[in-house]
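Residues per chain, in single letters:
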Amino acid sequence: MRTTEPLTEREQQALEQMREAQEQGSTLKDYAAKIGLDVQQLYELRRRLVRKGAFAPLPHRKPRKSKEASAFVPVRVLPAASVPSSSALACRLLHPSGWVLECDGLPPASWIVAVLTGATHAAP
């Protein structure tokens, strides 16, 4: 790789150590513990090497999914189906279990919430 700035002796050593860790398939943390180095110094040297172009940056990690349940309910929006104009639908609910509820008018929001949350009596 090309560098725009010369590397210090310590950066050269760190670069060799990082390449050795890669060859062994080890993380920097594990490699530092194995050879008795301070992992924070190794991370700082890695940042400098990346800035100088001597070491490739790490690929971005995907964010981890939260283990906590959220109040968000996923909704699938489908393209409008061709429905004869005499029986136009104003509302269609699709449940993940497969049931479909179609209404010719918009029901009250409280009723929709009751249906979707599984309330025992959703009748208004």
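Caption draft 1: Fine view of the overall build of the chain. When helices and strands are tallied, the chain shows four helices and two strands. Along the chain, helices (α) and strands (β) appear in the sequence α-α-α-β-β-α when read from the amino end. Here the chain, with 124 residues, has 20% of them falling under the buried criterion. When contacts within the chain are restricted to residue pairs at least 6 apart in sequence, long-range pairs at least 24 apart make up 39% of them. Looking at the chain as shown, the accessible area adds up to about 10,500 Å², and 56% of this sits on carbon and sulfur atoms.

Caption draft 2: Seen up close, the environment of V50. Along the chain, V50 falls in helix α3 (residues 39–52). The exposure class of V50 is partly exposed, given its relative accessible area of 25%. Filtering out sequence-adjacent residues up to four positions away, V50 remains in contact with F55, A56 and P57.

Criteria and thresholds
- Residues numbered from 1 in each chain as written.
- Predicted model: local features only at pLDDT ≥ 70, side-chain atom pairs only at ≥ 80, totals over all residues.
- Heavy atoms only, no water.
- Helix = DSSP H or I, 4+ residues; strand = E, 2+ residues; numbered from the N terminus.
- Buried < 20%, exposed > 50% of the residue type's maximum accessible area, 1.4 Å probe, protein only.
- Contact = heavy atoms within 4.5 Å.
- Areas by Shrake-Rupley, 256 points an atom, 1.4 Å probe, with all protein chains shown as cover.

All quantities given are derived from atomic positions and should not be read as evidence of function.
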